[in-house]
Amino acid sequence: MNLSWLLETDSKSLRSMNGSRRNSGSSLVSSSSASSNLSHLEEDSWIMWGRIVNEWEEVRKKKEKQLKDLVRRGIPHHFRAIVWQLLCSAQNMPIKDQYSDLLKMTSPCEKLIRRDIARTYPEHEFFKEKDSLGQEVLFNVMKAYSLVDREVGYCQGSAFIVGLLLMQMPEEEAFCVFFKLMQEYRLRELFKPSMAELGLCMYQFESMIQEQLPELYVHFQAQSFHTSMYASSWFLTIFLTSFPLPFATRIFDIFMCEGLEIVFRVGLAILQMNQAELIQLDMEGMLQHFQRVIPHQFDSGPDKVIQAAYQVKYNAKKMKKLEKEYTTIKTKELEEQVEIKRLRTENRLLKQRIDTLEKESASLADRLIQGQVTRAQEAEENYLVKREVATLKQQCEEASAQLEQAKKTIRQLQQQSQAKGPSQFSEESVLQLERELVQARLKDAESQCALKEMQDKILEMEKRNSSLPDDTNVARLQEELIGVKLREAEAVTGLKELKQQVRNLEEHWQRHLARTAGRWKDGPKRNTLSELQDELMSVRLREAEAQAELRETRQRMLELETQNQIHSNQLRRAEQESRCLQERVQALTSQNKDMHVQLQEIKRKQAEIECKSKEEVMAVRLREADNIAAMAELQQHISELEIQKEEGKVQGQLNHTDSSQYIRDLKDQIEELKHEICCLKGQRGLPGQPTFDGIHIVNHYTGGVDDAYRSSDEDGAAPPQQRGRRLIRLHPALGDSDSEEDGETLRLTVPQNNHKSTTV
């Protein structure tokens, strides 16, 4: 029995064979052997498909048309697994060896796959039970493909196709067939995240409806019933979710052989068969019809639909042309979207710019007003400060006059003290004068400091005034305001003139009407002339009104131009003020840095000056101590000389002449010592003042220094009570700041006889 004989077998017998196969469609997963009571035609079909499988390459090349016809009539259930693999060339694929390794890996889509497993063929025996073998192998195949093709990953509709493959073959072969379908049957483009291929299919299918079913297309458009609302699942699942499984399996046989063309044909055939009913329904009714009525129309079998499908006109070139059109449309849409997005971005940026400019304008106006208020306040403060400065200057002048008066008084007192001697003025009066001098100097210093602070404040206020808007801007604004008011006055004057002209014309018109009221009985010519005059007057009135409107329009235009100029001037002034403020901020920043550097330098110099002053104070104190020690040694030496003199008198070692000579020698030595003391005084203080190296020496005995060296007879004649003791008291010098704390009193007692001693 050869292949040509099988192809010429009666079609009725083949249809009956297909009907018997459909009756056993509920056991698609079962792989048991054929029943023993198969009919003769079924045995012939088995033999025929067995030979086709064994001689596949030769049949595919030489008998392709007959093979397509056999596939359209239906592939026997037990041959579907091997025939599907042969149709898509999925045998011996290298990726099959990677399947076990892929199952060991982890896919990012596992959670989504697990969620949709229970929704895939929920009423089928192989998949309805949770964690059953069917669900497990379906999960494995979907997971393995999501790892192989990470761009597509997992899409919900693909699980129905994999489920149908698992009903026919083991999971490894199903994985290979599904991989081939995705790569070579346009399914991968359908399941991509963008779903661009699905949009193309919808466009092509809608164009076919418009061409072959124009009435239905118009009805769909009128009801806004888009093609994707009913046909997207047809292309994504090859009718597996929209029709019974036996019907969809027959369509899938042809899809494995011919590709997506069968989906277009069957879809259009279904619409042709239901066109009359669909035209009578609205959008919701059409949705119900597609979901509930159409799937049950083919319970008897798909032969009728398949036969109608191959009567549908399908032009591959036309489909290619539609594909190019769709690509062009999508490219334009993408460009428009990009342009719209760009325009929206520019619009958003412009709005932001406008908001920013409005905020800046409001801020600049506020700052201008604030600056004017601040300027007025600072002018008032400046006036008050000037008054205070004048008062302080007057006080400073008074303090200076008082200081000069005190200095004059001190000089007079010093002159009087030098003329009358140190004993005429008490120590307390000198201290009081010095205190007054110190207080006067302190007041002078305070006045100078206050004056300096006021001068600094005046300089700062002058700087602030210089940064504020100057009077020229105010003058310019006033000029602009005057110009605007002048233009407004001119416009008002012109408007008044026009109104007066209109009133004059109206009066003239009324007089004209009064004159021509009795002329209606005149002849036709005179009446025509009157009508022409009336029309002329009306034209003049309209002309006057038009001129008035024109003047008003010009006045409005002038007002708008004035407002525009004012706004432009305000914006320009705001920009100038902004630049001035920025320059001022920069200048203040640099000035602050310079002042900081100067402050550091002043601190450093002050520290150096303090160190030097401390060193100088220590050196002065050391010199004072040396001078005091030298003076004490000299006084001690004087005392020793006087003691020697007294001892010589007592012992009688000297005669009268010799003692006089000896006394003269001692006087000379004393004079030399006094000269040395005066020299020491000259080194520390001014000549003529009663200070010695910061120490006053005051006589507390009645006689002069020469009285201490009277003759021995005079000393012996004086009573002991009258023989006074010569005391030299050393106390701190006046005006020395450290005298009250560090001063010491040296008492020098010069003996008058041999029973007195000198005390230091």
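This is a predicted model, so every value here is computed, not measured. (Residues numbered from 1 in each chain as written. Predicted model: local features only at pLDDT ≥ 70, side-chain atom pairs only at ≥ 80, totals over all residues. Heavy atoms only, no water.)

**Examining the packing of helix α5 (residues 64-73) against helix α16 (residues 245-258)**
Here is step 1 of the chain: In contact at an axis separation of 8 Å, α5 and α16 are set at 160° when each is read in the N-to-C sense. Comparing their axes, α16 and α5 come out roughly antiparallel. In this structure, α5 contributes Lys68, Val71, Arg72 and Arg73 to the contact, and α16 contributes Arg250, Asp253, Ile254, Cys257 and Glu258.
Here is step 2 of the chain: Along the lines of polarity and charge, the residues of the contact of α5 with α16 split into three nonpolar, no polar and six charged. (Axes fitted to C-alpha atoms, helices over the stretch in contact; angles between N-to-C directions. Helix = DSSP H or I, 4+ residues; strand = E, 2+ residues; numbered from the N terminus. Parallel < 35°, antiparallel > 145°, perpendicular 65-115°, else oblique. Contact = heavy atoms within 4.5 Å. Nonpolar A, V, L, I, M, F, W, Y, C, P; charged D, E, K, R; others polar.)

**A word on helix α9 (residues 133-148)**
Here is step 1 of the chain: Over its 16 residues, α9 runs 23 Å from end to end, which matches the ideal 22 Å to within 8%, given 1.5 Å per residue.
Here is step 2 of the chain: The buried fraction of α9 is high, at 13 of 16 residues. (Expected span 1.5 Å × (residues − 1). Buried < 20%, exposed > 50% of the residue type's maximum accessible area, 1.4 Å probe, protein only.)

**With respect to the nonpolar core**
Here is step 1 of the chain: Membership of the largest hydrophobic core comes to 109 residues, with the highest contact counts inside it found for Trp234 and Phe235.
Here is step 2 of the chain: With nine residues, the top contributor of residues to this core is α16.
Here is step 3 of the chain: Dropping the residues within four chain positions of it, tryptophan 234 is found in contact with Phe205, Phe239, Ser242, Phe243, Val263, Gly267, Ile270 and Phe290.
Here is step 4 of the chain: Listed in part, the seven residues of the second largest apolar core include Val385, Val389, Leu392 and Ile458. (Core = buried A, V, L, I, M, F, W, Y, C linked by side-chain atoms within 4.5 Å.)

**Thoughts on the packing of aromatic side chains**
Here is step 1 of the chain: One pass over the structure, following the stated rule, counts 29 aromatic pairs.
Here is step 2 of the chain: With a centroid separation of 5.3 Å and 75° between ring planes, the pair formed by tyrosine 121 and phenylalanine 160 is classed as edge-to-face. Taken together, the positions of tyrosine 121 in the loop between α8 (110-117) and α9 and phenylalanine 160 in helix α10 (residues 158-166) put the pair 39 residues apart, joining distant regions of the chain. In terms of burial, tyrosine 121 and phenylalanine 160 fall into one category: buried.
Here is step 3 of the chain: For the pair tyrosine 230 and phenylalanine 290, a centre-to-centre distance of 4.5 Å together with 20° between the ring planes defines the contact as stacked. Linking tyrosine 230 in helix α15 (residues 228-237) with phenylalanine 290 in helix α19 (residues 283-293), this pair joins segments that are 60 residues apart in sequence. As far as the burial class goes, tyrosine 230 and phenylalanine 290 line up, both buried. (Phe/Tyr/Trp six-rings, centres within 6.5 Å; stacked < 30°, edge-to-face > 60°.)

**Focus: the environment of lysine 645**
Here is step 1 of the chain: Along the polypeptide, lysine 645 turns up in helix α24 (residues 524-651).
Here is step 2 of the chain: Lysine 645 sits 21 residues away from leucine 666 along the chain, and the two C-alpha atoms are 8.5 Å apart.

**Comments concerning the pattern of salt bridges**
One side chain can pair with another of opposite charge once the charged atoms of both are near each other.
Here is step 1 of the chain: The tally for this structure, following the rule as stated, stands at 23 salt bridges.
Here is step 2 of the chain: Salt-bridge contacts for glutamate 136 lead to arginine 114; the nearest nitrogen and oxygen are separated by 3.9 Å. In this pair, glutamate 136 sits in helix α9 while arginine 114 sits in helix α8, placing the two residues 22 residues apart along the sequence.
Here is step 3 of the chain: Residue glutamate 136 is classed as partly exposed on the basis of its relative accessible area, which comes to 32%.
Here is step 4 of the chain: For arginine 114, a relative accessible area of 43% gives the class partly exposed.
Here is step 5 of the chain: Put simply, lysine 318 and glutamate 211 hold a salt bridge, and the shortest N to O gap is 3.1 Å. Note that lysine 318 is positioned in helix α21 (residues 316-420) and glutamate 211 in helix α13 (residues 196-212), a separation of 107 residues in sequence.
Here is step 6 of the chain: Accessibility expressed as a relative area gives 32% for lysine 318, which makes it partly exposed.
Here is step 7 of the chain: Linked through salt bridges whose partners overlap, the residues forming this network are Asp149, Glu151, Arg188, Glu189 and Lys192. (Salt bridge = Lys/Arg side-chain N within 4 Å of Asp/Glu carboxyl O.)

Remember that the coordinates give geometry; whether it matters functionally is a separate question.
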